[in-house]
Amino acid sequence: MARPSRQIDQALLASGAALYPQCGCGGLSARAVAAHAGASPGMFHYHFESKDAFVREVLQRFYEDLFSQIALPARQAGEPLQRLRQVLLALGRLLRQHALVLRRVLADAEAGHAVAVDFLRRNMPRHVKLLLQLLAEAEAAGQIAPRPPLLRLTFVLGAVAMPVLAASMLKEQGLLPALARPMVVPQVLSDEAIAQRAEMALKALTVGELT
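Attention in this report is confined to the structure presented alongside it.

The rules behind these values
Residues numbered from 1 in each chain as written. Predicted model: local features only at pLDDT ≥ 70, side-chain atom pairs only at ≥ 80, totals over all residues. Heavy atoms only, no water. Axes fitted to C-alpha atoms, helices over the stretch in contact; angles between N-to-C directions. Helix = DSSP H or I, 4+ residues; strand = E, 2+ residues; numbered from the N terminus. Parallel < 35°, antiparallel > 145°, perpendicular 65-115°, else oblique. Left-handed = near helix turned anticlockwise from the far one by under 90°. Contact = heavy atoms within 4.5 Å. Nonpolar A, V, L, I, M, F, W, Y, C, P; charged D, E, K, R; others polar. Buried < 20%, exposed > 50% of the residue type's maximum accessible area, 1.4 Å probe, protein only. Lys, Arg positive; Asp, Glu negative; His and termini not counted. Salt bridge = Lys/Arg side-chain N within 4 Å of Asp/Glu carboxyl O. Polar contact = N/O pair within 3.5 Å; in protein donor to acceptor, adjacent residues only side chain to side chain. Core = buried A, V, L, I, M, F, W, Y, C linked by side-chain atoms within 4.5 Å. Arc of directions from axis to C-beta.

## Focus: the packing of helix 4 (residues 51–74) against helix 5 (residues 80–97)
- Look at helix 4 against helix 5: their axes get within 7 Å of each other, and the N-to-C directions meet at 160°. On the basis of their axis angle, the class for helix 4 and helix 5 is roughly antiparallel. The two elements helix 4 and helix 5 cross, and the hand of that crossing is right-handed. For the pair formed by helix 4 and helix 5, the contact residues are Leu66, Gln69, Ile70, Pro73 and Ala74 on the first element and Arg83, Gln86, Val87, Ala90, Leu91 and Leu94 on the second.
- For the contact of helix 4 with helix 5, the residue count by class is eight nonpolar, two polar and one charged.

Here it is in structure tokens:
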């Protein structure tokens with residue numbers, strides 16, 4: 001039997017990516033995805049053996065694209081600290097762009113959805129390893145002071161990544177105080193704000209051992 005056009009499974013995957021932030025693992029049904037893609041539910045089941053297999057592919061495709069953009073600056077020529085800076089800037093911008101997806105994955109994992117748990121278990125070590133390696137290279141080059149690896153990793157991520165995720169959620173949910181609302185984009189979510197926090201974090205890492 002001839003396989004139907006790959007355009008159908010690509011359309012289903014694109015629809016899954018579009019619906020996942022709102023629906024999550026629990027609400028992303030074959031019928032809803034097929035309707036969004038303009039295909040029949042039968043075509044969904046033809047291309048994907050189960051809903052879990054479909055969600056797994058949606059999430060993995062998302063992560064591969066994300067990771068390729070984060071890893072690209074790490075492979076460029078240049079000093080380790082400069083490459084680390086560019087990776088952090090890319091990470092901050094991508095977290096801002098995809099905050100809804102990332103928060104949904106974390107919520108699904110917290111709710112015990114096996115697909116989300118497995119996705120995080122398989123992929124989180126990849127970007128953690130990348131950042132740890134860049135930090136170690138910067139230390140070896142004498143560009144940052146020696147520190148315990150996870151201590152400085154969590155410090156840098158706390159400065160660059162967590163404000164983006166937290167501010168995006170508070171802004172979306174309308175939970176910001178009135179005074180902070182006009183400030184959140186320019187002072188937390190903008191490229192300039194991300195760059196300033198990254199610079200402050202990296203500068204702090206150049207300081208010698210605290211007494």
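Having put the structure on the table, let's press on.
## What to know about the side chain of Asp108
- Looking at where Asp108 falls in the secondary structure, it is placed in helix 6 (residues 99–110).
- Despite its burial, Asp108 remains without a salt bridge, the nearest opposite charge being carried by Arg104 at 4.1 Å.
- Engagement of the side chain of Asp108 in a polar contact is seen with the side chain of Tyr20, the distance being 2.7 Å.
- Discounting chain neighbours no more than four positions away, the residues touching Asp108 are Tyr20, Gly24, Cys25, His113 and Ala116.

## Digging into the nonpolar core
- Ranked by size, the top nonpolar core spans 62 residues in total, and within it Tyr20, Phe54, Val55, Leu84, Leu88 and Leu130 carry the most contacts.
- Here the element with the most residues in this core is helix 4; it accounts for eleven residues.
- Residues in contact with Val55, not counting those within four places in the same chain, are Tyr20, Cys25, Leu28 and Val115.

## Some points on the environment of His36
- With respect to the secondary-structure elements, His36 resides in helix 2 (residues 30–37).
- Judged by its relative accessible area of 46%, His36 falls in the partly exposed class.
- Sequence separation of His36 and Gly16 is 20 residues, and the distance between their C-alpha atoms is 8.5 Å.
- When sequence neighbours within four positions are dropped, the list of residues in contact with His36 reads Ser15, Ala18 and Leu19.

## Notes on helix 9 (residues 181–189)
- Taken residue by residue, helix 9 has Val184, Val188 and Leu189 as its buried positions. Down the axis of helix 9, the buried side of the element spans an arc of 65°, and every buried residue falls inside it. Of the exposed residues in helix 9, the ones pointing more than 90 degrees away from its buried face are Pro182 and Gln187.
- Buried residues in helix 9 make contact with helix 5, helix 8 (149–172) and helix 10 (191–205).

## Some points on the environment of Gly158
- Turning to its location among the elements, Gly158 is positioned in helix 8.
- When the C-alpha positions of Gly158 and Ala198 are compared, they lie 10.0 Å apart, and in sequence the two are 40 residues distant.

## Things to note about the environment of Val207
- Its location among the elements puts Val207 in the segment after helix 10.
- With 125 residues separating them in the primary sequence, Val207 and Gln82 have C-alpha atoms 17 Å apart.

## Remarks on the pattern of salt bridges
- Tallying each qualifying case throughout the model produces seven salt bridges.
- Of the charged contacts in the structure, one is a salt bridge between Glu64 and Arg126, with a shortest N-O distance of 2.8 Å. One end of the pair, Glu64, is in helix 4; the other, Arg126, is in helix 7 (residues 114–140), with 62 residues separating them in the sequence.
- The residue Arg152 makes a salt bridge to Glu139 at a minimum N-O spacing of 2.6 Å. Residue Arg152 is located in helix 8, and its partner Glu139 is located in helix 7; the two are separated by 13 residues in the primary sequence.
- On the basis of relative accessible area, Glu139 is assigned to the partly exposed category, the value being 28%.

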